[in-house]
Amino acid sequence: MMVSITHPFRTLRESGWGTRPNGGYQVSCVNILSSAGVEESDELFMGEALRAAQRALEAGEVPVGAVVVCDGKIVGRGGNRNLTDSDPTAHAEIVALREAGAAIGNHRLEGCELFATIEPCAMCAGALVHARLKRLVYGADDPKAGAIRSVMQVLNHPSLNHRMEVRAGILAGRGAELLQTFFRLRRREKSSVVGPQSSATDEFPDD
């Protein structure tokens, strides 16, 4: 089963693949293929998603951010709020979709785009389908939970009745760096609590 993705870099086989430590987020890094105009616009909105991720980091949440854009304007923003709201569904993409729906006054966001700092999970990918978004742009692939192409394919699945354009790899390194920072701090906190007898290879459980 294949998913159609416009990636600003070559494919994994063509370019090689750099595996990020502290969570395994992956970023490739050669040959931009997209037009300059689309690239500039996508990076601008991804920058706003990264700001939302930074705010989530400062709040002690896993630093993922997202924005919804309609007609060139941001109508929804979100960062992870699982801990803040005691809500397992409060991922950045869901928060941004809820805000966008309220702003537009419709649960269908046809003609809108979502920018996320990391590949959406199955829950968020399903929400994108229900919202009828026209386009998804995301940063780093998530080999542990990504539901666009890494672990499973939810978007553009042949059995579903909605299709959207997908573009991956935009400012992927910056999003991955925020995640590395978060998990590095969490491991440091865990180590200080458990003490020196804890194994150096212990991994902090996934959030």
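Preceding this section is the structure that the text describes.
Criteria and thresholds
- Residues numbered from 1 in each chain as written.
- Predicted model: local features only at pLDDT ≥ 70, side-chain atom pairs only at ≥ 80, totals over all residues.
- Heavy atoms only, no water.
- Phe/Tyr/Trp six-rings, centres within 6.5 Å; stacked < 30°, edge-to-face > 60°.
- Helix = DSSP H or I, 4+ residues; strand = E, 2+ residues; numbered from the N terminus.
- Buried < 20%, exposed > 50% of the residue type's maximum accessible area, 1.4 Å probe, protein only.
- Pairing = 2+ DSSP bridges.
- Axes fitted to C-alpha atoms, helices over the stretch in contact; angles between N-to-C directions.
- Disulfide = S-S within 2.5 Å.

*Asks:* Talk me through the packing of aromatic side chains; I want residue IDs and the actual numbers.
*Replies:* As enumerated under the stated definition, the model contains two aromatic pairs in all. Aromatic side chains phenylalanine 45 and phenylalanine 115 sit 5.4 Å apart centroid to centroid with 45 degrees between the ring planes, which places their arrangement in the tilted category. Remark: phenylalanine 115 occurs in strand S5 (residues 112-118) and phenylalanine 45 occurs in helix H2 (residues 36-58); sequence separation between them is 70 residues. Pair check on accessibility: phenylalanine 45 and phenylalanine 115 agree, each one buried. Measuring from ring centre to ring centre gives 5.0 Å for phenylalanine 182 and phenylalanine 183, while their planes differ by 80 degrees; the resulting arrangement is edge-to-face. The burial state of phenylalanine 182 is the same as that of phenylalanine 183; both residues are buried.

*Asks:* I'd like a rundown of the sheet that holds S5, residues and numbers included.
*Replies:* In space, the five strands of this open sheet follow the order S4-S3-S5-S6-S7, with mixed pairing throughout. The outermost strands of the open sheet, each flanked by one partner alone, are strand S4 (73-79) and strand S7 (165-168). On average, each strand axis in the sheet is inclined to that of its neighbour by 15 degrees, with strand direction left out of account. In this structure, strand S6 (residues 135-140) lies alongside S7, joined through four bridges in parallel fashion. Residue pairing in the sheet places tyrosine 138 in a bridge with alanine 168 of S7.

*Asks:* With reference to specific residues and values, describe the state of the cysteines.
*Replies:* For the structure on display, the rule yields one disulfide. A disulfide-free cysteine, cysteine 121 has its sulfur positioned 3.7 Å from the sulfur of cysteine 124, the nearest such atom. Taking the relative accessible area as the measure of exposure, cysteine 121 reaches 16% and is therefore buried. Judged by relative accessible area, which is 0%, cysteine 124 ranks as buried.

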